[in-house]
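# Structural overview for review
Next come the chains, spelled out residue by residue.
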Amino acid sequence: MLRKYQARIYVTLRPSVLDPAGTAVQSGLQHMGYETVEQVRIGKYVELVLSAADEDKAREQVDRICDRLLANPVIENYRFDLTESVDTGVAR
Amino acid sequence: MSSITSSAPFSAEEIASVGLKPEEYEEIVRRLGRHPNQAELGMFGVMWSEHCCYKNSRPLLKQFPTTGDRILVGPGENAGVVDLGDGLRLAFKIESHNHPSAVEPFQGAATGVGGILRDIFTMGARPIALLNSLRFGSLEDAHTRQLFTGVVSGIAHYGNAVGVPTVGGEIYFDPAYSSNPLVNVMALGLMETPEIVKSGAAGVGNPVLYVGSTTGRDGMGGASFASAELSDESEQDRPAVQVGDPFLEKSLIEACLEAFKTGAVVAAQDMGAAGITCSTSEMAARGGVGIELDLDRIPVRETGMVPYEYLLSESQERMLFVAYKGREQELITIFHRWGLQAVVAGTVIAEPVVRILFQGEIAAEIPAAALAENTPLYHRDKLGEPPEFIRQACQWTSDRLPTCTPTGIETPDGFRTWNEILLTLLDTPSIASKRWVYRQYDHQVQNNTVILPGRADAAVIRLRPPSSSKGVAATVDCNSRYVYLDPYEGAKAVVAEAARNLSCVGAEPLAVTDNLNFGNPEKPIGYWQLAEACRGLADACRELGTPVTGGNVSLYNETIAPTGQPQPIYPTPVVGMVGLIPDLTRVCGQGWQAKGDLIYLLGRCLTALDRLTLGGSEYLATIHHTVAGSPPRVDFKLERLVQATCREGIRQGWVRSAHDCAEGGVVVALAEACISGGLGADVNLTPTVHKDMSWRWDCVLFGEGGAQIVVSILPELQVIWEAYLQQHLGNDWQKLGSVGNSDTSLRVFTADTQLVIDAKIKEMSNRYSKAIERRLTF
């Protein structure tokens, strides 16, 4: 019996990697008067739902998905939370 | 301040981990009179890598001709500079980013573009064009497709955003490059400052400025990484990839050019491979002085960095300047206005050492020359004769192929007509249109691109200000299959082809920048290939009057196959060549211009079949799955004559289209002229030979020989044109036919009007333009 899991995935740049977009946002904020902003790093947030036999299997799958597609491990790190989703019966 | 005390010796593993050999470590200890510390060991590791000090190739590079009337700056500076007359000076250089691109194709290729642009504007030149020479494995392989698409979008990302047009290049696909792609980028720039900015530091007491972006831990030790063989573990080397910012680079271009114009700059050097280590030691060594640099003043984007990390970081978009004392603030103001970092981080000192300060201590102190000039050199013995696999491959002759008929030939995939073979060749990604690639590049930004990509044999750029009618042409070339089969002859053919491509647009070849992509030079075959190819390049550059102004060496291009066997790439000495167009109103594309125009073949014509060969040809590789035989031999006298004749024909306005016969021979050249011009052609290719001389149809149609150009002219000019050809080329030309009698087809006849090939333009065009795209869609 497969269960449904929801994964909330955070992909962020590795600390050593230059973040041109983040730098631009930081400078934008400073120009707007938010001079206390010291650093901005921009990443992305992904939600996905998948079915798996148990939580370990689900974790394993999400990990591979992140490594192979959602994140670029050369320059990005990722982490995710996994929760078993309750089927509301609304989805068709 | 305390001086450095000798630390304990390093272990063999630690020495190997920075890419040094045990005997090199002993040499370091001898020169310093003590053991190096961690930071110093790292500095030696990167500076004594092939990438930075050419320890294997330098003795070979010495044989290149490097001087000439037009050469203003030869090898040794950031880029070569040639004189175009009228006060116009062109800086140009090629550089590889092979290993970073293998690990992270997008950022690897993108920072390759950024790096070569910095070499150009460091000299005081405004970048005006980019070209690239790329090699990948077969597109049937999924990993290759990922590398290929990643590299192309990386180049597009950086080049388009920084505002420099990518105007030309070449791409080959061959399993020899499967997991070791080659990414060579060439940049051209026009000098904007009255003086060419050099890199030698001078003036004891002058301040040393750090400008541009911040320093982080990215790209740690990229240079020694670039000189190590790739293996599966390279996937674990992932952090060694830098991320660039093209918008910051654009600001850096403007800020640097503005700074140079103040006259407050003594010298400048970009931070490429080996970052701060390389720029300080090279500037000091070239100027015969020393530099003291305080790491605490370097702007960083991370906390807790140690000297080793500062010194080896390859963060992008950074430069080092030496300013005249008292004028540093002028420069800092300019850089700040462009939103860039600029700090005084050090001083020029008399003692010829690189001294690095960190938190009030001396973190490293090394004689500058030991890092940059007086570096190890390996003179290796070259194999006395070609290795066994080459001797065997060269024994191949076309007698081993099945007999030809006027309709076709038996191949490993069954009987194929000449028509089918032509279509297959046009569908080969290495020959096919590269439109899928160049349509991603902004090739018109700056509004100086005279001929668009895919329309001619070389790129043509207008020079601004447009007060003169002069233009510049550029090309990158290398048929590495030829070089693999015969490194000496193959390398000569590379230079000849580059010059021929320039001549086909009407440009006078001026000078060369070379990118030597080879396997491991410590192996006898690798060194033999490198040595023979260098000899070939040197001879050809001398013969064709195109001195070498610098370049780049990328060795150890080998991957470890799953079987554990190292597999070297094809030896690939890419030649970037620039040429001068005296009059931009007289340039030439490759496509037919009008119906009725007459088609001629200049050079090795079909009456001289002994000069054409199937050895190393695309036909042999693609249709018969064989890489063997002797590649064509360059005949420099004929090559010079053919090229000069073509250039003069263009200058006189006689020649309306010109296209070099390269991979796929004369028929593929004709087909490309048809596709480009959207017009058909009727040609007669029967060789007029003695009855007793044997010849083969495939050699006539698809044989390769060098020194061949297909041109078309107005029919009214036939008499003067033929008289001109007779006078300059003797018998080395042939009238082939005419354009457009059949609107829709390329038709190849025999003398008795038998049809050998009848290919619809629509079908050829379809195969040719979709070959790459089709392989990328699932």
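Please refer to the structure placed before this passage.
Everything in this summary refers to the structure shown in the same document. From a predicted model like this one, the values you see are computed outputs, not experimental measurements.

Looking now at the overall build of chain B. For chain B, the count of helices and strands is 26 helices and 30 strands. What you see for chain B is a C-alpha radius of gyration of 27 Å, in line with the 28 Å of a compact globule of 778 residues. Dimensions of chain B along its principal axes, counting C-alpha atoms only, are 90 × 60 × 45 Å. For chain B, buried positions account for 64% of its 778 residues. Long-range contacts, defined here as pairs at least 24 residues apart, represent 84% of the contacts in chain B between residues at least 6 apart. Taken as a whole, chain B presents about 26,500 Å² of accessible surface, with 49% of it coming from carbon and sulfur. Averaging the coordinates of the 65 positive side-chain charges in chain B and doing the same for the 89 negative ones gives two points 5 Å apart.

Taken together, the 12 residues of chain A in the interface contact 15 residues of chain B. Roughly 1,100 Å² of surface becomes buried between chain A and chain B when both sides are summed, with 59% attributable to carbon and sulfur atoms. When the buried area of chain A at its contact with chain B is split by residue, S16, L18 and V74 of chain A rank highest and sum to 54% of it. Our enumeration of links across chain A and chain B arrives at 0 salt bridges. Here chain A and chain B share 1 residue pair in polar contact (both at pLDDT 80 or more) between them. Each residue belonging to the side of chain A that touches chain B can be placed in one class, and the counts come to 7 nonpolar, 3 polar and 2 charged.

All names here are of chain B. Considering all chains together, one arrives at 42 salt bridges over all chains under this definition. With a closest N to O distance of 2.8 Å, R31 and E27 form a salt bridge. A residue pair is termed a helical-turn pair when its members lie 3 or 4 positions apart in one helix, as R31 and E27 do in helix α2 (residues 22-32) at 4 residues. Overall, R31 belongs to the partly exposed group, its relative accessible area being 24%. Look at E27 and you get partly exposed, because its relative accessible area is 22%. Measuring nitrogen to oxygen at the nearest pair gives 2.7 Å for the salt bridge that ties R391 to E388.

Applying the stated criterion to the full structure yields 20 aromatic pairs over all chains. Ring plane angle 75° and centroid distance 5.2 Å describe the contact between F136 of chain B and F148 of chain B, whose orientation is recorded as edge-to-face. Taken together, the positions of F136 of chain B in strand β4 (residues 125-136) and F148 of chain B in helix α8 (residues 142-162) put the pair 12 residues apart, joining distant regions of the chain. The same class applies to F136 of chain B as to F148 of chain B, namely buried. By the ring-pair criterion, three or more aromatic residues cluster together here, those being Y600, W654, W721, Y724 and W733 of chain B. Here the guanidinium or amino end of R79 of chain A rests over the ring plane of Y10 of chain A, the centre of that ring lying 4.4 Å away.

All names here are of chain B. In space, the 6 strands of this open sheet follow the order β16-β17-β18-β23-β19-β20, with mixed pairing throughout. The sheet terminates laterally at β16 (449-451) and β20 (548-554), the two strands that pair on one side only. Geometrically, the sheet is characterised by an average inter-axis angle of 25° between neighbouring strands, direction not taken into account. Relative to strand β23 (residues 572-581), strand β18 (residues 471-477) runs antiparallel, the two sharing 7 bridges. If you follow V476 over to β23, its bridge partner there is G576.

Looking now at the environment of V354 of chain B. Among the structural elements, V354 of chain B can be located in strand β12 (residues 353-358). Leaving out residues up to four positions away in the same chain, V354 of chain B has contacts with M43, T280, S281, I291, A364, E365, I366 and A368 of chain B.

Residues and elements named next belong to chain B. Viewed as axis vectors pointing N to C, helix α7 (residues 105-121) and helix α10 (residues 246-261) meet at an angle of 10°, and their least axial separation amounts to 10 Å. Here α7 is positioned roughly parallel relative to α10, judged by the angle of their axes. Residues G114, L117, R118 and F121 of α7 form the contact with α10, whose own contacting residues are E249, L252, I253, C256, L257 and F260. When grouped by side-chain class, the residues that make up the contact of α7 with α10 number 7 nonpolar, 1 polar and 2 charged.

So, how was this worked out
- Residues numbered from 1 in each chain as written.
- Chains lettered and ligands numbered in written order.
- Predicted model: local features only at pLDDT ≥ 70, side-chain atom pairs only at ≥ 80, totals over all residues.
- Heavy atoms only, no water.
- Helix = DSSP H or I, 4+ residues; strand = E, 2+ residues; numbered from the N terminus.
- Rg over C-alpha atoms; globule rule 2.2 N^0.38 Å.
- Buried < 20%, exposed > 50% of the residue type's maximum accessible area, 1.4 Å probe, protein only.
- Contact = heavy atoms within 4.5 Å.
- Areas by Shrake-Rupley, 256 points an atom, 1.4 Å probe, with all protein chains shown as cover.
- Lys, Arg positive; Asp, Glu negative; His and termini not counted.
- Charge placed at Lys NZ, Arg CZ, Asp CG, Glu CD.
- Buried area = accessible area lost by both parts, 1.4 Å probe.
- Salt bridge = Lys/Arg side-chain N within 4 Å of Asp/Glu carboxyl O.
- Polar contact = N/O pair within 3.5 Å; in protein donor to acceptor, adjacent residues only side chain to side chain.
- Nonpolar A, V, L, I, M, F, W, Y, C, P; charged D, E, K, R; others polar.
- Phe/Tyr/Trp six-rings, centres within 6.5 Å; stacked < 30°, edge-to-face > 60°.
- Lys NZ or Arg CZ within 6 Å of the ring centre and 35° of its normal.
- Pairing = 2+ DSSP bridges.
- Axes fitted to C-alpha atoms, helices over the stretch in contact; angles between N-to-C directions.
- Parallel < 35°, antiparallel > 145°, perpendicular 65-115°, else oblique.

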